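A structural walkthrough
As a plain string of letters, each chain reads:
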Amino acid sequence: MNDTETVYDALDQAHGGEGQWAFGTGFDDPLAGVDTTVPDGVDAADLGAYCLMLGDDALVLSQRLTEWATRSPELEEEVAVANCALDLLGQARLLLGRAGTCGVLGRSRSLATESIPDEDALAYFRAPDEFRNHVLVEVDGGDFAQTMVRLLIASAYRLAVFTRLRDSRDPVLSAIAAKGVHELTYHRDYAARWVLRLGDGTAESHRRAAVAVDALWPLLADLFTATEVETRLTGAGVAVDPGGFEVEVREVLGTVLTRATLDAPEWPVARPSPGRAGSHTPELAPLLAELQGLAREHPAATW
Amino acid sequence: MTAVADVRESDLQEYFDATIAHDRRIEPRDWMPEAYRKTLVRQIAQHAHSEIIGMQPEGDWLLAAPSLRRKAILLAKVQDEAGHGMYLYAAAETLGADRADLTDKLIERKQKYSSIFNYPTLTYADVGVIGWLVDGAAICNQVPLCRSSYGPYARAMIRVCKEESFHQRQGFELLMTMMRGTEGQQAMVQDAVDRWWWPSLMMFGPPDDDSPNSAQSMAWGIKRHSNDELRQRYVDMTVPQAAVLGVQLPDPELALDESTRRYRFGPIDWSEFKQVVSGHGPCNDERITRRRAARDDNAWVLEAATAYAAKHSA
Ligand SMILES: [Fe+2]
Ligand SMILES: [Fe+2]
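The paragraphs below set out a description of the structure included in this document. (Residues numbered from 1 in each chain as written. Chains lettered and ligands numbered in written order. Predicted model: local features only at pLDDT ≥ 70, side-chain atom pairs only at ≥ 80, totals over all residues. Heavy atoms only, no water.)

**Here we look at the coordination of the iron ion (ligand 2)**
Residue and element names in this part refer to chain B. For clarity, the threshold we go by: Listed donors are limited to N, O and S atoms within 2.8 Å of the metal, widened to 3.2 Å for Na, K and Ca; water is not among them, so incomplete-looking sites are possible. Working definition: helices are DSSP H or I runs of at least four residues, strands are E runs of at least two. Numbering for both runs from the N terminus.
Looking at the metal site, the iron ion (ligand 2) is ligated by E81 (OE), D135 (OD), E164 (OE) and H167 (ND1), spaced 1.9 to 2.2 Å from it. Read in sequence order, the donor residues coordinating the iron ion (ligand 2) give the pattern E-x53-D-x28-E-x2-H. A separation of 3.5 Å is found between the iron ion (ligand 2) and the iron ion (ligand 1), both of which receive a donor from E81. Highlighted residues: D135 in helix α7 (residues 125–142) and E164 in helix α8 (residues 151–179), separated in sequence by 29 residues.

Here it is as structure tokens:
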């Protein structure tokens, strides 16, 4: 066999193989094969709104993590941070898609042309005040310490949500959660390992980690008060009330900080999340402008 | 004095030559001539640097990718390139090199990377064209390296080539989608092809009669085919693909030679190539500046990891 044939063989095999494809990069509908009927007794609008909350958290944090691409401290971190970003992007796509099947598209569906899938209509054609993510995931990434402390908080919280959602009465949410639990466990452990190294590393890394903890801790106040949607869906066996695992998350974070020789600031008093109500910091709009700009410039295009 | 140390260098050289002659692999612990080791380190390092710097032009579109699916594909690709860099630096380390030291040499411009990555990515079509043409050219260059005489390099190449073939497929699929899209998208694709075609031909290096190190590398089995031979294969592979895509390659002299069944193409502007290689391409400074910033701005992170490991190694 000569090398020219080998080149073509390599390309040929590529058409049959599956293993090389990162999750979410395939050509198929990501919700294919999952029953997307809204379960009995569940309000579709509520379910869609809930999927937007969880989907927006993932989308916005994924975008923040992606800002590290080509700028990471080491190649291992380049790969690991991209991995977290890819996992969250995959979760976001499924959740926004689910919001679409629940009919929660609002204005975005009419702003986007028909050929644009629901996940993209929602990601690219909503205004900042239509996003439902917590403020925690939207604030500027800062240095590597801020990035790791934020990832630790966000993944510990999300892991608590997803662990419980595996038993959701919505088969789509339950499937997304079952897959996501493995991903989020890795994210949390990866971030925790770095918080340990930074907190208990050099004087400079300790200082930076402490600054990050002090800056991010107050945002924990937003995470544990159920919205009305969450309360109704929890009653219907579909969602979880985040108030139910506040203690658990607090213990996880406390354990990591102690081992990292970092002082835990006072645990903030829970309040309703402004982000879940569409009220955001000024940092979200530029993030979305960059994410959405090209797609909006060519509204009739298909990509 | 051990018996091993008494083995004469000429015997070792003979064994090495026989290994190469029989097309068997040299492994890290085998004796090898110093010049062979140096040439390999230089080539593998340059290749590793190309993978890492090559993340930047496409990485510039990650935050703005026009659909979530495209964002996922691009992020996975850029991540793959970081992985390729890691395998290759690891292969160089089997020859006694050190990754951090090689990175320093890159940043100090003492070692080169593929000059194709010194061109800017102006539109999203560039992402597709890089996948199709640049990853395509990389495949033509690298598939023969899967038979390189140095074992760790050959094995790294097998893994890398499989992933590059996915990148090429994904790039081509993006371009096909854009060519079925709006007129604006079609024009974007043609414009990107116009800008990347000639630089992609230059990826195979200078013509054979101006490639001083090639003969020795071929004799050592580090290189398997001449630059011009690989370039010709690339052209022969790509012209039919361009026809499927419905784009024009920007070379009026491009034509099938009926007698050889190979494509003739016009002269390459080697003065441009030399400009870019010598550091005067459109983005050379930007690429190195960013790599330097990644190293320097985050030095405290690695220092912390080292300090932590020292404290906790029982
Ligand atoms: Fe690569
Ligand atoms: Fe590639």
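After presenting the structure, the write-up continues.
**Concerning the pattern of salt bridges**
Spelled out, the test is: When a carboxyl oxygen of Asp or Glu is within 4 Å of a side-chain nitrogen of Lys or Arg, the pair counts as a salt bridge.
For the structure on display, the rule yields 45 salt bridges over all chains. Ionic pairing is found between D140 of chain A and R64 of chain A, a salt bridge with its closest N-O pair at 3.2 Å. Of this pair, D140 of chain A sits in the loop between α5 (118–124) and α6 (144–165) while R64 of chain A sits in helix α2 (residues 44–66); the two residues are 76 residues apart in sequence, bridging distant segments of the chain. R295 of chain B is the partner of D296 of chain B in a salt bridge, and the nearest nitrogen-oxygen pair spans 2.7 Å. Each of D143, E204, R207 and R208 of chain A takes part in one network of salt bridges that share partners.

**With respect to the side chain of N298 of chain B**
Inclusion rule: Polar contact is the term for a pair of N or O atoms within 3.5 Å; when the atoms are in protein, one must be able to donate a hydrogen and the other to accept it, and sequence-neighboring residues count only if both atoms are side-chain atoms. When checking whether two residues touch, look at their non-hydrogen atoms; a contact exists if any pair is within 4.5 Å.
Residue placement: N298 of chain B occurs in the loop between α13 (284–297) and α14 (299–312). There is a polar contact of 3.0 Å between the side chain of N298 of chain B and the backbone oxygen of A294 of chain B. In contact with N298 of chain B, not counting residues within four places along its chain, are W68, R71, S72 and P73 of chain A together with A293 of chain B.

**Quick look at helix α10 (residues 246–259) of chain A**
Residues and elements named next belong to chain A. Condition: Any helix carries an expected span of 1.5 Å times its number of residues minus one. Each residue is assigned to one of three classes by its accessible area relative to the maximum for its type, calculated with a 1.4 Å probe on protein chains only: buried under 20%, partly exposed between the two thresholds, exposed over 50%. Read the arc as the range of directions from the helix axis to the C-beta atoms.
Spanning 14 residues, α10 covers 20 Å between terminal C-alpha atoms, matching the ideal 20 Å at 1.5 Å per step. Within the span of α10, buried status applies to E246, V249, L253, V256 and L257. Down the axis of α10, the sector holding all buried residues measures 105 degrees, keeping them to one side. Exposed and facing more than 90 degrees away from the buried side of α10 are V247, E251, T258 and R259. Tucked into the core, α10 has its buried residues touching α6, α7 (171–199) and α8 (203–216). Phi turns positive one or two residues past the end of α10, at T261, with a value near 55 degrees.

In short, shape yes, function no, at least from these values alone.
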